[in-house]
Amino acid sequence: AIYADSDISGGSVSNVFINDNKFTNHTGGVGIDFEMTTAGTRAESITMTNNLFDGNLRAVTFYNVVSSLFSNNEIKNSTFGSVSADLRIFGGANNLMISNNSFDGSNALAPHAIRMTSVVGPNANVSIFENSFTGYSPSNTVFLDPQSYTGGPIPATCNWFGTADAATIASIMG
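Residues numbered from 1 in each chain as written. Predicted model: local features only at pLDDT ≥ 70, side-chain atom pairs only at ≥ 80, totals over all residues. Heavy atoms only, no water.

So, about the pairing of strand β10 (residues 85-89). With five of five residues buried, β10 lies mostly within the body of the structure. Relative to β10, strand β7 (residues 58-63) is paired through three bridges, and the arrangement is parallel. Residue V60 lies in a different strand from β10, and its bridge partner there is L87. Direction of pairing for β10 relative to strand β13 (residues 112-116): parallel, over a ladder of four bridges. When the bridges of β13 are listed, R88 appears paired with R115. (Buried < 20%, exposed > 50% of the residue type's maximum accessible area, 1.4 Å probe, protein only. Helix = DSSP H or I, 4+ residues; strand = E, 2+ residues; numbered from the N terminus. Pairing = 2+ DSSP bridges.)

This part takes up the packing of aromatic side chains. Applying the stated criterion across every chain yields a total of five aromatic pairs. Ring geometry for F133 against F161: centres 5.1 Å apart, planes inclined by 10 degrees, an arrangement best described as stacked. Within this pair, whereas F133 is found in strand β15 (residues 132-134), its partner F161 is found in the loop between β17 (149-150) and α1 (166-172), the two being separated by 28 residues in sequence. Residues F133 and F161 agree in their burial class; the two are buried. (Phe/Tyr/Trp six-rings, centres within 6.5 Å; stacked < 30°, edge-to-face > 60°.)

Considering the arrangement of structural elements, one finds N64 in the loop between β7 and β8 (65-71). Apart from the residues lying within four places of it in its own chain, the contact partners of N64 are M36, T37, T41, R42, A43, G91, G92 and V120. (Contact = heavy atoms within 4.5 Å.)

Here we take up the sheet that holds β15. Strands sit in the order β3-β6-β9-β12-β15 across an open sheet of five strands; the sheet is parallel. Pairing within the sheet leaves two strands with one partner each, and these edge strands are β3 (22-24) and β15. When the angles between neighbouring strand axes are averaged without regard to direction, this sheet yields 5 degrees. (Axes fitted to C-alpha atoms, helices over the stretch in contact; angles between N-to-C directions.)

Here we come to the nonpolar core. One broad rule of soluble globular proteins: the nonpolar side chains tend to lie buried together. Judged by nonpolar contacts, the single largest core of 36 residues is most densely connected at F34, I98 and F103. Excluding anything up to four places from it in sequence, F34 contacts A4, V13, V16, I18, A43, I46, M48, T61, F62, Y63 and V65. (Core = buried A, V, L, I, M, F, W, Y, C linked by side-chain atoms within 4.5 Å.)

Ordered in space as β2-β5-β8-β11-β14-β17, the six strands form an open sheet in which the pairing is parallel. Edge positions in the sheet fall to β2 (13-19) and β17, since each of these pairs with one other strand and no more. Relative to strand β11 (residues 94-99), β8 runs parallel, the two being bridged by five bridges. Among the inter-strand pairings, F70 is bridged to a residue of β11, identified as I98.

What follows is the structure in structure tokens.
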């Protein structure tokens, strides 16, 4: 697992490249965890690409992650349950691109694919596009807590939700 917080890092972290790794069976934790919770700290220019997350409690946790990319990753067999998410954003995300990932929620314990809250502040400029979300129930795919996102609807085009039905997709995106 990869873990950073504002205390361990001594402040903000930046320019991190996490590519072509396998994060498996972290049943008590997260594959990648950026917990920048101290006021004024953030994780910036974080690139996470081509990784496999299999059998973890969660795949990724973000607090105050900005100008970052989560792309071309495979996420499956997460075990946290429906109260969390494979990709859990706890707030403060800005200019975050989530693209070309495969989220598989066919495990009976699969959480939401993506859940966004505002624990450490609102999120803005988050894009979710060209991802595949399969195996989740509509209410467990993308979950936004009220007031967790500012700036209008989240750009979320060209995603596959296991259906082409517009009404079902609208219900998934809240």
